[in-house]
Amino acid sequence: MSLLNKPFRLPLISATASCVVVAAGFVFPASAYAVTAAPVQEVTDVIDGVTVKDPYRYFENVKDPKVQSWLKEQGATARKELDRIDLRDTLEKRIAEISAATGDDIRAVTRMPGDHIYYLKRVRGGKQFKLVTRDGLAGAERVLVDPEREAERTGVPHAINYFVPSWDSKHVAYGVSAGGSEDASLYILDTQTGKNVGEPIPRVHEALLGWLPDSKSLTYNQLKVLKAGEPDSETYLDSKVMWLKVGAAEAQAKAMFGPTVTTDLGLARLDVGAIIFSPGSRWMVARTTDTTLPEGYLFVADVADLDKPTVAWKKISSFDDKITDAELKGNDLYLLTHAGAPRNKVLKLDLRHPELKLAREVAAAPKDAVLEKFSLTRDALMAEVREGTSIVLRRYAAGDTKGQAIPAPFKGAASLQNDPAHAYSDVLYSLNGWTELPRTLLLKGKVSSDPGLRVNPTMPSLPDVEVVDVKVPSYDGAMVPMTLLYKKGLKRDGSNPTLLDGYAAYGFSQTAYFSPAGMAWLERGGVLAYANVRGSGVYGDDWYRAGFKGTKSNTWKDGVACAKYLIAEGYATPKTLGVMGTSAGGIFVGRTVTTAPELFAAAIFNVGIMDTVRAEDSANGITNISEFGSARNPAEFPALLEMSTYHNIKDKTAYPAVMLVHGMNDPRVDVWHSAKTAARLQAATDSGKPILLRLDMQAGHGIGSTATQRYALSADIYSFLLWQMGKAKQNDS
């Protein structure tokens, strides 16, 4: 089970109608994208002897009416300019067409004992995912939860954030949030009547749930209520694991675990916990992380201890033991770890003797691959093994630590679906590819077949696409893997609109997937370049640590190297090259652009973390100190200042066109990151190219966005890039 919940990714143009600006080969009135210059209200900090200027600190108070007014004006200006791009609506329509042709979207398939199956499904043309169930793979489908009903009632998009069925399938716990906020409340549904049991429980943001073996009660992690005057950075501190019987009122829940509950365990305030149970096991395992890095504490106790005044938790491991995942089966606890194994291994520990030194290895990563995840079946261990941007399956039988490769119907990324009770020998998994539609498959032995969970449409009419893996020498000789997608027969004459995309944080890697929006880009002669620069986990923990905290500069230096490669190899020129990063990938894109602005025509800063110096003072920023560092730590501050895009913007510099994308309800990266950076870029750039701040008032970090919102965003991104690369014009208006 994963405990990762919230990892982070203009000069003032004169309004005078007679002024003109030249950009992307076109001449248009400057007033077309004129915006009000954000007033400078400089705050100066001295941090570890370094003077740090912050001219737009006041934007961090997003609720200030003046800030709200500026944001709304920026959003309206961006909307106006994007709507004027002549092919923008055509792109959105095409993205929707390709998406519809891919059929229904099915995710998070969960198979419970008794052949009860649950999953999230967004029907073709639907806006949002519904929670559905069926009895048996061939059983009739039944909708349990439809968030669209609440959206119709309130006018605000709602989304299902998570669901966890009870072992006997009589109930399913699920979370729903509104407007992309991810501020989920917990509901418990009677699966036979289709009605909720009891009242919703607020501040249960993540699927940190555990049903007890008898299915009559469950545990969940609940955030505290912030007191008046408490800073947002307190949000994720001192959370508690609560125990509640089905049907009981929230007031009857009992606190079982957490920094303020189990005070003798040495937990930090940011240790967010969950309790793992398994049917047929007498044990329960408490696991913590800081919500960002997966390493943390593990404790074990007897389930029967829940009824005692205190639970006798026995410590198994701490952060230094480098355990990143755990699954419980009977008396055994299976542990994924990178201790002494940069590409990971799985250990098995008998909980009757819960000393980590007694654990034995049961699965090793194959040479030149990374064992990223694992799952237990009735009689084996299944693993997801990364090979570049592809993920293959591997089965480890008892006594076979090397495992056996499982052939796949096509090259792509395989993802094991949930069998939390380890009740089956066969395995449900999904398979997705750069040029292949996603499939849900049933694996028996080494043979994969269609279980009939979804209708598999024929591939829509699309161009033949080349997928090419290359390795790019970086500034220090490190070879950076990058995957290129483009139409067959592409001429390398530098004229192709090319988009470089990177993320590179938390060890997350670029992975093969079918993108309808990406296909619409490729249709127009575009090139997509996905770079697994340092900070990703494509080569395991060592590659990740080479783009982490003090080594983070490798992330954007690798990005610059990839951009130079695309130009040198004739895929693009600085007039046709764009770059994008999302969330924590904001560091990748922002610092690549501010380091080498001359390489790019345009850039997309998508819900990006832009001000790493101030991030830790926000609700989710404090949870990311373990990934990026703290400005209050003299050893970590220099790297934080260096990786902060906002602080590395220089006056009178010819920056490329930039579109900053954000949702006003973003709980992972506060919208002020984009606001401060937009204001700073607008004041600093002298290229005459637009800096637009695209805002969605009913969105967050992208989690929970409707299909309609996603299509619109993709059309805005690609049309903006094509406009700035000289491949599209704006209509007069």
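As a reminder, the structure under discussion sits directly above these lines.
What counts, and at which threshold
- Residues numbered from 1 in each chain as written.
- Predicted model: local features only at pLDDT ≥ 70, side-chain atom pairs only at ≥ 80, totals over all residues.
- Heavy atoms only, no water.
- Helix = DSSP H or I, 4+ residues; strand = E, 2+ residues; numbered from the N terminus.
- Rg over C-alpha atoms; globule rule 2.2 N^0.38 Å.
- Buried < 20%, exposed > 50% of the residue type's maximum accessible area, 1.4 Å probe, protein only.
- Lys, Arg positive; Asp, Glu negative; His and termini not counted.
- Charge placed at Lys NZ, Arg CZ, Asp CG, Glu CD.
- Salt bridge = Lys/Arg side-chain N within 4 Å of Asp/Glu carboxyl O.
- Contact = heavy atoms within 4.5 Å.
- Expected span 1.5 Å × (residues − 1).
- Arc of directions from axis to C-beta.
- Polar contact = N/O pair within 3.5 Å; in protein donor to acceptor, adjacent residues only side chain to side chain.
- Phe/Tyr/Trp six-rings, centres within 6.5 Å; stacked < 30°, edge-to-face > 60°.
- Lys NZ or Arg CZ within 6 Å of the ring centre and 35° of its normal.
- Core = buried A, V, L, I, M, F, W, Y, C linked by side-chain atoms within 4.5 Å.
- Pairing = 2+ DSSP bridges.
- Axes fitted to C-alpha atoms, helices over the stretch in contact; angles between N-to-C directions.
- Parallel < 35°, antiparallel > 145°, perpendicular 65-115°, else oblique.
- Left-handed = near helix turned anticlockwise from the far one by under 90°.
- Nonpolar A, V, L, I, M, F, W, Y, C, P; charged D, E, K, R; others polar.

Asks: Describe the overall build of the chain, naming the residues involved and giving the relevant values.
Replies: The secondary structure content of the chain amounts to 11 helices and 40 strands. The C-alpha atoms of the chain give a radius of gyration of 25 Å, which matches the 27 Å a tight globule of 733 residues would have. Taking all 733 residues of the chain together, the buried fraction comes to 62%. Averaging the locations of the 85 positively and 84 negatively charged side chains of the chain gives two centres separated by 2 Å.

Asks: Which residues make up the side chain of Lys345, and what values do they have?
Replies: Relative to the helices and strands, Lys345 resides in strand β23 (residues 345–350). Salt bridges are absent for the buried Lys345, whose nearest opposite-charge side chain, Glu361, sits at 4.2 Å. When sequence neighbours within four positions are dropped, the list of residues in contact with Lys345 reads Leu335, Leu336, Thr337, Ala339, Glu361 and Ala363.

Asks: So what about unusual backbone geometry? Which residues, and what values?
Replies: A positive phi angle, near 65°, is found at Ser169, a position not held by glycine. Structurally, the position occupied by Ser169 is in the loop between β9 (158–165) and β10 (171–178). Residue Ser583 is not a glycine yet carries a positive backbone phi of 60°.

Asks: Break down helix α1 (residues 65–83) for me, citing the residues and quoting the values.
Replies: In this model, α1 (19 residues) spans 27 Å end to end at C-alpha, consistent with the 27 Å of a helix rising 1.5 Å per residue. Of the residues making up α1, those classed as buried are Val67, Trp70, Leu71, Gln74, Gly75, Thr77, Ala78, Glu81 and Leu82. Projected down its long axis, α1 carries its buried residues within an arc of 160°, all on one side. Projecting away from the buried face of α1 at angles above 90 degrees are the exposed residues Pro65 and Lys66. The inward-facing, buried residues of α1 contact α2 (88–101), β39 (657–663), α10 (672–684), β40 (691–696) and α11 (707–724). For α1, the N-terminal cap is Asp64; the gap from its side-chain oxygen to the backbone nitrogen of Lys66 is 2.7 Å.

Asks: Go over the packing of aromatic side chains with me, naming the residues and quoting the values.
Replies: Per the counting criterion, the structure on display carries 19 aromatic pairs. For the pair Tyr506 and Phe508, a centre-to-centre distance of 5.6 Å together with 50° between the ring planes defines the contact as tilted. These aromatic residues form a ring-pair network of at least three members: Tyr56, Tyr58, Phe59 and Trp70. Over the ring of Tyr424 we find Arg111; its NZ or CZ atom is 3.9 Å from the centre of that ring. A cation sits over an aromatic face here: Arg545 above Phe548, 4.8 Å from the ring centre.

Asks: Hey, could you go over the nonpolar core for me, with residue numbers and the actual values?
Replies: Counting residues in each nonpolar core, the largest one holds 58 residues, and the members touching the most others are Phe59, Trp70, Leu71, Met482, Leu500, Leu566 and Phe605. Sequence-distant contacts of Leu500, that is, excluding residues within four places in its chain, are made with Met482, Ala529, Ala531, Gly559, Cys562, Ala563, Leu566, Gly578, Val579, Met580 and Phe588.

Asks: Account for the sheet that holds strand β7 (residues 130–135), with residues named and values stated.
Replies: Overall, antiparallel pairing links the four strands, which are arranged β5-β6-β7-β8 in an open sheet. Each edge of the sheet is formed by a strand with only one pairing partner; in this case those strands are β5 (105–112) and β8 (142–145). Taking the axes of each pair of neighbouring strands and ignoring which way they run, one obtains an average angle of 30° across the sheet. Inspection of the sheet shows strand β6 (residues 116–122) paired to β7 by six bridges, in the antiparallel sense. The residue bridging Tyr118 from the neighbouring strand is Thr133, located in β7.

Asks: I'd like a rundown of the sheet that holds strand β15 (residues 240–245), residues and numbers included.
Replies: Across the sheet, which stays open at both edges, the four strands sit in the order β13-β14-β15-β16 with antiparallel pairing between neighbours. Looking at the sheet topology across the chains shown, the edges are occupied by β13 (209–211) and β16 (254–257). Across this sheet, the average inter-strand angle for adjacent strands is 30°, counted without regard to direction. As judged from the three bridges shared by β13 and strand β14 (residues 217–222), these two strands associate in the antiparallel manner. Bridged to Gly210 within β14 is Thr219.

Asks: So what about helix α3 (residues 147–154)? Which residues, and what values?
Replies: Helical geometry: 3.6 residues make up each α-helical turn, so side chains three or four residues apart lie on a common side. Restricting attention to buried positions, one finds in α3 the residues Pro147, Glu148 and Ala151. Taken around the axis of α3, the buried residues stretch over an arc of 100°, which confines them to a single face. Along α3, the residues that are exposed and aim more than 90 degrees away from the buried face are Arg149, Glu152 and Arg153. Among the structural elements, β7, β8 and β9 are those in contact with the buried residues of α3.

Asks: Help me get a handle on the packing of α2 against helix α4 (residues 516–523), residues and values and all.
Replies: Interhelical geometry of α2 versus α4 gives an angle of 125° and a closest axis separation of 8 Å. Classified by the angle between their axes, α2 and α4 sit oblique to one another. Note on packing geometry: the crossing formed by α2 with α4 is right-handed. Here Leu91, Arg94, Ile95, Ile98 and Ser99 of α2 come into contact with α4, specifically with Pro516, Ala517, Met519, Ala520 and Glu523.

Asks: Could you give me a rundown of the side chain of Arg591, with the residues and numbers involved?
Replies: Inspection of the secondary structure puts Arg591 in helix α7 (residues 585–595). Despite its burial, Arg591 pairs with no opposite charge, the nearest such side chain being Glu642 at 5.1 Å. Among all residues touching Arg591, those that are not within four sequence positions of it are Trp556, Gly586, Glu642, Met643, Ser644, Thr645 and Asn648.

Asks: So what's going on with the pattern of salt bridges? Residues and values would help.
Replies: All chains considered together, the criterion is met by 48 salt bridges. A salt bridge links Asp54 to Lys676, with the shortest nitrogen-to-oxygen separation between them at 3.1 Å. You can see Asp54 sitting in strand β4 (residues 50–54) and its partner Lys676 sitting in helix α10, a full 622 residues away along the chain. Lys676 gets classed as buried once you look at its relative accessible area, which sits at 0%. Between Lys224 and Glu230 there is a salt bridge, with its nearest N and O atoms 4.0 Å apart. What emerges from the salt-bridge pattern is a single network uniting Asp45, Asp54, Arg57, Glu60, Asp611, Arg614, Glu616, Asp617, Arg632 and Lys676.

Asks: Could you give me a rundown of the packing of helix α6 (residues 553–568) against α7, with the residues and numbers involved?
Replies: Direction vectors running N to C along α6 and α7 enclose 60°, while the axes themselves pass 8 Å from each other. Taken together, the axis directions place α6 and α7 in an arrangement best described as oblique. Crossing hand, α6 versus α7: right-handed. Residues Thr555, Trp556, Gly559 and Val560 of α6 lie in contact with α7, whose contacting residues are Ile587, Phe588, Arg591, Thr592 and Thr595. Its residues assigned to classes, the contact of α6 with α7 comprises four nonpolar, four polar and one charged.

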